[in-house]
Amino acid sequence: MDFFKSIREDYKVLLRSVPSMVTAAFVLSVVLMNLLASRELYRSDYFCLNSGLALSWISFLCMDCICKRFGAKAATRISILAIAVNMFCAVLFWLLTLTPGRWAAFYSAADPEVGQMISAGIDSTFAGSWYVVAGSSLAMLASSIVNSLLNVRIGEKADRGNYRGFAYRSLVSTCAAQFVDNFVFSALVSHVFFGWTWMQVLICSFTSMIIELAFEAVFSPLGYRISKGWEKDHVGQAYLDLQAAAVYAG
């Protein structure tokens, strides 16, 4: 009971400390990128890119900012919160698709039969599949742990408080974590349920990581300014004091 109580208290202080806009952007990006992941951007015999790539960099940039100011544990716990919200949304979407209502696109169709097919297609997109939700959640959890721990470890060795240090820790940790994210999802979902070969899994994991890393590189100056602003304004000092007290007591 004391263990769960400490986690609850930690979350209460953490959610009051991390700026709400960053937490909201983090959670929203996770929910939306899982929805958009069902839409292809490009497909060939070797790999497939989905529309979720357009948003996945946001969650990792948020993690980098949180790691810089609050540490690996804080970033991982915010990631777990985002995963929990995404799973809740997935269940909610699935329940709503069981209702007899129709989507607005139904009424713009040429005839009721076509409209019903369109409405059913939208339902299937929002309802998703249990293995896709489970696979994406496990992939996000694994990549969050890798990103947070590696980001902080590199920061301890190479970050001197300037942009170069922030970029180095962010890009290296994102590179490794994005590969883990793509590989775990492709191995658990695409390989098992869609019949991908291991070569396709590896190629897709690598190419998607390159694209997501490029987004991270472009927007890392923004993440640096955000994290430096937090330090300057002493944002979240209550959480840092709580962690320091826990280390002292331990």
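Quick note: structure is the one above.
Scope of this entry: the structure provided in the associated data block. (Residues numbered from 1 in each chain as written. Predicted model: local features only at pLDDT ≥ 70, side-chain atom pairs only at ≥ 80, totals over all residues. Heavy atoms only, no water.)

**Concerning the nonpolar core**
If you look at the biggest cluster of nonpolar residues, it comprises 29 residues, and the most contacted ones within it are Phe26, Ile66, Phe70 and Met140. Listed by contribution, the elements that provide at least two residues to this core are helix 1 (2-17), helix 2 (20-36), helix 3 (53-70), helix 4 (72-97) and helix 6 (130-158). It is helix 3 that provides the largest number of residues to this core, a total of eight residues. With near-sequence residues (within four places) excluded, Ile66 lies in contact with Val18, Val22, Phe26, Gly71, Ala74, Ala75, Ile78 and Trp230. (Core = buried A, V, L, I, M, F, W, Y, C linked by side-chain atoms within 4.5 Å. Buried < 20%, exposed > 50% of the residue type's maximum accessible area, 1.4 Å probe, protein only. Helix = DSSP H or I, 4+ residues; strand = E, 2+ residues; numbered from the N terminus. Contact = heavy atoms within 4.5 Å.)

**Some points on the environment of Ser44**
Inspection of the secondary structure puts Ser44 in the loop between strand 1 (40-43) and strand 2 (48-50). Residue classification places Ser44 among the partly exposed residues on the basis of a relative accessible area of 24%. Placed 156 residues apart in sequence, Ser44 and Gln200 show a C-alpha to C-alpha distance of 10.0 Å.

**With respect to the layout of surface pockets**
In this structure, the largest pocket encloses a volume near 970 Å³. For the largest pocket, the lining is made up of 43 residues, of which Ala37, Ser38, Asn50, Val132 and Phe185 are closest to its centre. Split by residue class, the lining of the largest pocket holds 23 nonpolar, 16 polar and four charged. (1 Å grid on protein atoms, 1.4 Å probe; cavity = no way out; pocket = protein on both sides within 12 Å on 5 of 7 lines; lining within 4 Å. Points joined across faces, edges and corners; volume = space filled by probe spheres on them. Nonpolar A, V, L, I, M, F, W, Y, C, P; charged D, E, K, R; others polar.)

**Examining helix 7 (residues 163-194)**
Its axis deflected by about 40° at Ser186, helix 7 carries its strongest bend there. Trailing helix 7 by a residue or two, Gly195 shows a phi angle of about 75°, which is positive. (Bend = angle between axes of the 7 residues up to and from the residue.)

**Describing a nonpolar patch on the surface**
Taken together, the side chains of Ile80, Leu141, Ile145 and Leu149 present a nonpolar region at the surface, about 310 Å² in accessible area. A per-element tally of the nonpolar patch places helix 6 first, with three residues. Mapped onto the elements of the fold, Ile145 is located in helix 6. The exposure class assigned to Ile145 is partly exposed, which follows from its relative accessible area of 35%. (Patch = residues over 30% accessible without salt bridge, like charges linked within 9 Å, V, L, I, M, F, W, Y side chains within 5 Å. Areas by Shrake-Rupley, 256 points an atom, 1.4 Å probe, with all protein chains shown as cover. Salt bridge = Lys/Arg side-chain N within 4 Å of Asp/Glu carboxyl O.)

**A word on the packing of helix 6 against helix 7**
Orientation of helix 6 relative to helix 7, taken along the N-to-C sense of each, is 160°, at an axis distance of 8 Å. When the axis of helix 6 is compared with that of helix 7, the two are roughly antiparallel. Relative to helix 7, the crossing made by helix 6 is right-handed. (Axes fitted to C-alpha atoms, helices over the stretch in contact; angles between N-to-C directions. Parallel < 35°, antiparallel > 145°, perpendicular 65-115°, else oblique. Left-handed = near helix turned anticlockwise from the far one by under 90°.)

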